[in-house]
Amino acid sequence: MGTKEITVLIGKSIREGKYLKIVYRNKAGVKSPFWICIKDINAKGELRVDMFNVTKDEPIFDGKIFISEIQKAEILLFSHYEVSQSLIKKLEEDESLKVYQFNKYDSEILNYYIECYRANKDPFLYKSYLIEGIDLNHLVNENPYSLSDQQLKQIIKDIYHDNYKSSYKYELVLSDFAIDINAKGKFVIAYRKIKFDPVRKKLFLDKNIQFNPSFYIKEVKHTLSYYSNLSQADFEAKYKEGKLDIIAIISENFKSGELINTRPEIVSLGYSQIDISSIYENINSENKHNQLETPLKAFFQNGSLLDRKNRKEPHIVLYDNNINIDQIRTIYNSLKFPITYVQGPPGTGKTQTLINILINCILNNKTLLITSNNNVPIDGIIDKISLGKYKGREITLPLIRLGNNEYVGRALKVLKNLFSFRTKDVPKEQLLINLKEQSKRRNLLLSERLKQYEDRIDINQNLEFVNALLANGKNHLLNKEKEKLEKQLAELPNITIEDISSIYETISGNNQLLQFFYFESLKYSKRINSKEFNALKDIVSLEEEQEQIKEFNKWISNDENLEKFTRVFPIILTTNLSARNLGSKFKFDLLAIDEAGQCDIATSLIPISKCKSMVLIGDTNQLKPIVVFDERRNNELLKSYNIEESYSYFDNSILSVYKKIDNISRDILLSYHYRCGKSIINFSNMRYYDSKLNLSDNQNLGEVKLLEVASINATKRNASVEEAIEIVKYIKENKIQDAFIITPFRNQEEVINSCLKLAQDNGEINSSISCGTIHKVQGRENETIIISTALTGNTSSKTYDWVKNNSELINVGVTRAKNKLVVVTDPKAIDILSRKDDDLYALIDYVRRNGEIKVAQSSINKYTIGLSNDSIFEDEFYKTMSHYCTVESTRFRRNVKLIEIFPDETNNSELQKREFDGVLYDGKHPRIIFEINGREHINNKKRIEADKIKMRIAKDKNIKLIFIPNQYVKHYEFIGELIKKIKGDLYQKTLFDF
């Protein structure tokens, strides 16, 4: 085992307060096993430790050992010791210890995300143990609990002699309540974590009861909802109020052979996970050596406006005429610039846009990796992409679908067929070049118009910035800047889709382009029969499929092989997690992550680490990543690794975190909505998208309807028989054929499906109509969507709180309906539960009034674009200004109180507690005041008023006040030039041409 691996484990042991299990070589060369806890460390590699040898009875206190003599090390499972804060501080701050690199990754962000990834998994029961003389009361009343020698020996014998698999993560817990399920196993529902100190012979019991809403038993997932119709929040609250009462309620739903188990069993919970640490090691190494590509540079907030400069214009053709300006902009930006963020509300053509990006990557000779968090979005792209035929021959695009073993198995069959594929058609290189050149010439005008469109956006933003500066006082140099920008703007045409539609080429119906893609695809496929693919040919010829899959994954993990593979298949589609198999350092020209609003950060970094450019497409107002660990654990990890809230794994998708931290890259809204009738989509448009959706091409009015019921027979929690009966009645009377029913609760799903089946068995309604929770409807659409709230007089306030602002239920549900949206509810129950300001109440009120009212924007879930965390940008601006001061021999201070600048205003109550973000001084005199123009300056009314006060006082005192946009806080040259202009120095270059 290498010294680097050992020092990483030493650092982890200290930070987490866990013992190390080591093999140590003494002066005589004898190797012995020890469990050690580290009390101190120095630059000579000496460790002061308490040591325990399981073959002996008594521990050794305050011993001295040397890092160089540790032969092997691993974190001791379930262990704990109290680490002194001075040691942790020493590890972080003592420069003499940096040589040991005690962190696994230099970046604490990576350390944080790998821990979040490990925590975000449902457990299974590895083993359970009954330790003599231990029960819950003993551990609660005496915490930490002192173990007898006999108990210590039993723990070591029973728990630590078990053969734990190194690929799994484990926790030791004391079961508080479990369900024994026949002979299959145990579902541990409530538990408390346990830690063990072998030297001091103590057990530490976590004071917090924790819960498993889901649990694996023999690879089958079981959920608490099978036994309880309570929401998870309600269940936990009631369990803590009266454990025995809630157990009695749950046991009423037991099946034959299931038993209550409240024995004080010590249980080891296992978590099965794929190891992604090697990917993070590559990211860390590239970061350390300044080798990151732009997408990861932006993630670490090292992006620059210069990354967008001098980019080659792409060659663009379109799949067909079903296109709008937003989609064309997305294609253009994705192919030209290193990072593009696309907010794609429902029904705005995300999949069609991705297909166009795919086709244009082939045209521009770019490799493309398309990923998402699960198979559904990827399969949706595969199902929809087809260029049709050229002269009766199918155009088989050079793409391949990879993923888990099942998908790799299918891909290997495709490869086997390709190896035996023969055709007399021969790609003619000169013909392909000529066809492409002809298309390029026709593309020149399109590229010019698209560049003009994007330039107008940039100039308008810059002009808005300069106008804001001038609003605080006149400056002849800034006036020249304004005049220059206005002149540039006047010289640019105002491009619309009508200006573009007559000049772009479409593949559909275009014989020359069909010919090009047929022969271009053929050129790729013929390469596979060259000698360099003999090893791959041998793999697909293996008899056993599992052996094929194993060998293929090993083959494609090699960078040289992957590069060869992309010469046959430049387009690869897979999931974020499965992308780990694709090489080590190879970089795709472009990555496209679909449904990025649903993708968790930890696994999304896998494909991001494998690309030079990327486009993230998704919707932050729809389904979010599933997080199974609790918020308390996330807060502990944030604090442990000193991570900014904006990077929080618990609260973000990969799309939302990038939009918070990167204010440089283009953010595009796909605004043209095509799916829903106007009266349906208008609700989501007003409530979630700031009325930015464009419905001009939508001729369908649609219909919204409220069905009111009185749920007087609500015997089951979160279920309403009256709603189910009313829904079936409505479907029958209106002869509805294409419908799906959405409900937030599994109990209501069962009730409705039971009523539906009865009607379907009698031939009264269409057999395809069914009911499900929101995750079953994502990605689909129906003529009619019916939302059953199942909220009754028995619904608790906590349950309503869970539903009321749940945009996953409301926004996603509403936007699945093409022609008719029906909401079924008990209005009296809603009136009692709601404060009339939440999303669900807004929806019910909207449909009650037939969609003829204005809906307020949601305060919880809403569309935002280009907003970022202010404190981070203030930090970065301070670094920029600090360096500027070292060069210009001036002084800059941050967070300066207004009263310090204007002491004569001491009695002015408006200024008492206010600060400027930064002040630049000439000697002792303030010369220029800076404010970082983040989201609070846009959305927060109090901040807007505060800005007005600051502007007024600065103007009265004749001091320049500048609002710096977030995207310029690191732009050193821009800041320098801006200061020169404000100070009235000689006119040099323009602000925006660096």
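Sequence order sets the numbering: in each chain, residues are counted from 1 along the sequence as written. The predicted origin of the model limits local features to residues at a pLDDT of at least 70 and limits the giving and counting of side-chain atom pairs to 80 or more, whereas totals for whole chains, interfaces and linings rest on all residues. The basis for every side-chain value is the complete set of heavy atoms in the structure, and neither hydrogens nor water enter the calculation.

## Observations regarding the overall build of the chain
Then, in step 1: Looking only at helices and strands, the chain has 35 helices and 33 strands in total.
Then, in step 2: It is over C-alpha atoms that the radius of gyration is taken, and the globule rule equals 2.2 Å times the number of residues to the power 0.38. Taken against the 2.2 N^0.38 rule, which gives 30 Å for 994 residues, the C-alpha radius of gyration of the chain at 32 Å falls within 12% of a compact globule.
Then, in step 3: If one aligns the C-alpha atoms of the chain with their principal axes, the spans along those axes are about 90 × 90 × 75 Å.
Then, in step 4: The buried share of the chain, taken over its 994 residues, is 56%.
Then, in step 5: Carbon and sulfur atoms form 47% of the exposed surface of the chain, whose accessible area is close to 44,400 Å².
Then, in step 6: Charge assignment: positive for Lys and Arg, negative for Asp and Glu; neither His nor the chain ends contribute. By convention, the point assigned to a charge is CZ for Arg, NZ for Lys, CD for Glu and CG for Asp. Of note, the chain has its 145 positive side-chain charges centred 3 Å away from the centre of its 134 negative side-chain charges. Going along the chain from the N terminus, every DSSP run of H or I of four or more residues is numbered as a helix, and every run of E of two or more is numbered as a strand. Type-normalised accessible area, obtained with a 1.4 Å probe on protein chains alone, sets the label of each residue: buried when under 20%, exposed when over 50%, and partly exposed for intermediate values. With residues, only the protein chains shown are counted as cover, and all accessible areas are computed by Shrake-Rupley using a 1.4 Å probe.

## Some points on the packing of aromatic side chains
Then, in step 1: Two rings from Phe, Tyr or Trp (for Trp, the six-membered ring) form a pair when their centres are within 6.5 Å of each other. A pair whose planes differ by under 30 degrees is stacked, one over 60 is edge-to-face, and the rest are tilted. All told, the structure shown has 42 aromatic pairs when counted by the stated rule.
Then, in step 2: Taking the centre distance of 5.1 Å and the plane angle of 50 degrees together, the rings of Tyr112 and Tyr113 count as tilted.
Then, in step 3: Here the aromatic rings of Phe187 and Phe215 are separated by 5.5 Å at their centres, their planes lie at 20 degrees, and the arrangement is stacked. Taken as a pair, Phe187 in strand E9 (residues 185-197) and Phe215 in strand E12 (residues 214-217) lie far apart in primary sequence, 28 residues in all.
Then, in step 4: Exposure remark for Phe187: the relative accessible area of 0% places this residue in the buried category.
Then, in step 5: Through pairs of rings, three or more aromatic residues link up here, namely Trp35, Phe52, Phe78, Phe124, Tyr126, Tyr160, Tyr164, Tyr168, Tyr170 and Phe196.
Then, in step 6: Any Lys NZ or Arg CZ that is within 6 Å of a ring centre and within 35 degrees of that ring's normal is treated as a charge sitting over the ring. The aromatic ring of Tyr407 is capped on one face by Arg410, whose charged end is 4.7 Å from the ring centroid.

## Description of the nonpolar core
Then, in step 1: The biggest cluster of nonpolar side chains holds 70 residues, and the ones touching the most others in it are Tyr113, Phe299, Leu415, Phe552, Phe565 and Tyr658.
Then, in step 2: Among the elements that line this core, the one with the most residues is helix H3 (residues 108-119), at 8 residues. Residue types Ala, Val, Leu, Ile, Met, Phe, Trp, Tyr and Cys, when buried and joined through side-chain atoms within 4.5 Å, form a set referred to as a nonpolar core.

## Describing helix H22 (residues 631-641)
Then, in step 1: Among the residues making up H22, those that are buried are Asn634, Leu637, Leu638 and Tyr641. The arc that holds the buried residues of H22, viewed along the axis, is 100 degrees, so those residues lie on one side.
Then, in step 2: Pairs of residues are marked as contacts when any of their non-hydrogen atoms sit within 4.5 Å. Against helix H1 (3-16) and H3 lie the buried residues of H22.
Then, in step 3: Positive backbone phi, approximately 55 degrees, marks Asn642, located one or two places after H22. As used here, the arc belongs to the directions running from the helix axis to the C-beta atoms.

## Regarding H3
Then, in step 1: Residue count minus one, scaled by 1.5 Å, sets the expected span of a helix. The end-to-end C-alpha distance of H3, which contains 12 residues, comes to 17 Å, matching closely the 16 Å that a straight helix rising 1.5 Å per residue would cover.
Then, in step 2: Counting buried positions along H3 yields 10 of 12 residues, so the element is predominantly enclosed.
Then, in step 3: Along H3, the residues that are buried comprise Ile109, Leu110, Asn111, Tyr112, Tyr113, Ile114, Glu115, Cys116, Tyr117 and Ala119.
Then, in step 4: Elements in contact with the buried residues of H3: H1, helix H8 (277-288), helix H9 (294-299), helix H21 (601-608), H22 and helix H23 (654-661).
Then, in step 5: Where H3 begins, the side chain of Ser107 points an oxygen toward the backbone nitrogen of Ile109, at a separation of 3.2 Å. Here a polar contact is recorded for every N or O atom pair within 3.5 Å, except that within protein the pair must consist of a potential hydrogen donor and a potential acceptor, and residues adjacent in sequence are included only if both atoms are side-chain atoms.

## So, the environment of Asn302
Then, in step 1: Residue position: Asn302 is located in the loop between H9 and helix H10 (325-336).
Then, in step 2: Classification of Asn302 by relative accessible area gives partly exposed; the value is 43%.
Then, in step 3: Linking Asn302 and Asp651, residues 349 residues apart in sequence, is a C-alpha distance of 23 Å.
Then, in step 4: What Asn302 contacts, discounting residues up to four positions off in sequence, is Asn287, Lys297 and Lys970.

## With respect to the packing of helix H27 (residues 797-804) against helix H30 (residues 839-848)
Then, in step 1: Packing of H27 against H30 leaves a shortest axis separation of 7 Å and a crossing angle of 70 degrees. Compared by their axis directions, H27 and H30 come out roughly perpendicular. Residue-level contacts link Tyr800, Val803 and Lys804 of H27 to Asp839, Leu840 and Tyr841 of H30.
Then, in step 2: Three residue categories are used. Nonpolar comprises Ala, Val, Leu, Ile, Met, Phe, Trp, Tyr, Cys and Pro, charged comprises Asp, Glu, Lys and Arg, and polar comprises the others, including Gly. Tallied by class, residues from the contact of H27 with H30 come to 4 nonpolar, no polar and 2 charged. Comment: axis = line fitted to C-alpha atoms, over the contacting stretch for helices; angle = value between 0 and 180 degrees taken between N-to-C directions. Note on angle classes: values under 35 degrees are labelled roughly parallel, values over 145 roughly antiparallel, values of 65 to 115 roughly perpendicular, and the remainder oblique.

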